[in-house]
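What follows is the residue order along each chain.
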Amino acid sequence: MSEIAEEARVVAATDEGASPTAELHVDGLRVSVEGKPILDGVDLRVPVGQVHVLMGPNGSGKSTLAYSLMGHPKYQVTGGAASFDGQDLLALSPDRRAKLGLFLSFQNPIPIPGVTTVNFLRAALRAQGKELPARDFIARLGEEMTALRMDPSFRSRYINDGFSGGEKKRAETLQLAMLEPRLAILDEPDSGLDVDALRIVADGVLRVMEKSEGRMGVLLITHYYRILENLTPDRVHIMHQGRIVDSGGPELAHLIESEGYDPYISAGSAAAAEVTSR
Ligand SMILES: Nc1ncnc2c1ncn2[C@@H]1O[C@H](COP(=O)(O)OP(=O)(O)O)[C@@H](O)[C@H]1O
Ligand SMILES: [Mg+2]
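Residues numbered from 1 in each chain as written. Chains lettered and ligands numbered in written order. Predicted model: local features only at pLDDT ≥ 70, side-chain atom pairs only at ≥ 80, totals over all residues.

Engineer: Please clarify how the overall build of the protein should be interpreted in this entry.
Structural biologist: Of the regular secondary structure elements, the protein holds 9 helices and 10 strands. The buried share among the 278 residues of the protein stands at 40%. (Helix = DSSP H or I, 4+ residues; strand = E, 2+ residues; numbered from the N terminus. Buried ≥ 20, exposed ≤ 12 C-beta atoms within 10 Å, placed from the backbone.)

The following block contains the structure:
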């Protein structure tokens, strides 16, 4: 398909908005980084309107999955498929994936000296065809920043430049709130936060979820049960060595909280099956 036809197709899909039954489909996804295989056949379904949690030991491939879905050029898809709302994600550039409604908040947000938060958000909205008149944009930004208890001075600070860990996570949540995606991939939005900041971020995500009236799906990568006290998951998935080795309800996150990943790590899938059957 030509570039222009492809663009028209994505724009058409975006204008209609994702259907209420839109889903992220990941089938047998394999990904390598610098020639090293990391994802070893990931299968996952995340419908809009649901919160799915992805947990797993460090280095199991959670961030790799997040980057691959968003189209980071360093992450090479070597097999499998990924689509959202019926559109093949792997055929699209990252900006088109964003136009389609995908959003990623980074585990380690990167500072962009020279680009203020306000200009960054304005440009991001414009790029997605969601530009607001200046006055409305500023009002909306102020509203969202107040909800996230962010000082107004952050508007004119360079994005993530000199931000503390907690401030970066709030800035990521602010992007989520302003962009109102259809599928939000949140990579450890809770890491390094104290209890108060955690509640603010969790409430922020919940607010966006409620505002979306069932039209946003969330793939939340986390290590902690605490954030799930605010954001009740529909499904919990456990990743280990580049695969989803177990899936279940919220009780699975409880189990990880009390027992850790040992049952999955030490004895492989037999133990995982045993954990699930308890
Ligand atoms: N950009 C990268 N360059 C080299 N290796 C990477 C890169 N990203 C991830 N990896 C490797 O891929 C594996 C999975 O990492 P990651 O996806 O970050 O796991 P998780 O998010 O579950 O902690 C690790 O062995 C890590 O070293
Ligand atoms: Mg990670």
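Now, onward.
Engineer: What is the right way to look at the environment of Asp-85 in this model?
Structural biologist: Tracing the chain through its elements places Asp-85 in the loop between β4 (75–84) and β5 (87–88). Classification of Asp-85 by C-beta neighbours within 10 Å gives buried; the count is 21. The sequence separation of Asp-85 and His-25 amounts to 60 residues, and the corresponding C-alpha distance is 8.4 Å.

Engineer: I keep staring at the nonpolar core and nothing clicks. Help me out?
Structural biologist: The tendency in soluble globular proteins is for nonpolar side chains to be buried as a group. Ile-185, Val-205, Val-218 and Leu-220 are the most contacted members of the largest nonpolar core, which totals 69 residues. Ranked by residue count, the leading element in this core is helix α7 (residues 195–211), at 6 residues. Each residue touching Ile-185, except ones within four places of it in the same chain, is listed here: Ala-66, Leu-69, Met-70, Phe-103, Leu-104 and Leu-219. (Core = buried A, V, L, I, M, F, W, Y, C linked by C-beta atoms within 7 Å. Contact = placed C-beta atoms within 7 Å.)

Engineer: Sorry if this is basic, but what is going on with the sheet that holds strand β10 (residues 243–248) here?
Structural biologist: As summarised here, the arrangement of the 6 strands in space is β6-β7-β8-β3-β9-β10, forming an open sheet in which the pairing is mixed. For this open sheet the edge positions go to β6 (102–105) and β10, each flanked by a neighbour on one side alone. Mean inter-strand twist for the sheet, computed between neighbouring axes without regard to direction, equals 20 degrees. Contacting β3 (51–55), β6, β7 (183–187), β8 (217–221) and β9 (235–240), helix α2 (residues 62–70) runs over the sheet at an angle of about 145 degrees to β7. (Pairing = 2+ DSSP bridges. Axes fitted to C-alpha atoms, helices over the stretch in contact; angles between N-to-C directions.)

Engineer: Even after reading the chapter, I still don't get the site of ligand 1, so can you show me in this structure?
Structural biologist: Near ligand 1 the following residues occur: Val-33, Glu-34, Ile-38, Gly-56, Asn-58, Gly-59, Ser-60, Gly-61, Lys-62, Ser-63, Thr-64 and Lys-74. If you tally residues by element for the shell around ligand 1, the top one is α2, at 3 residues. Looking at the shell around ligand 1 residue by residue, the class counts come to 2 nonpolar, 7 polar and 3 charged. (Near = placed C-beta within 6 Å. Nonpolar A, V, L, I, M, F, W, Y, C, P; charged D, E, K, R; others polar.)

The values reported here are purely geometric and, on their own, carry no functional implication.
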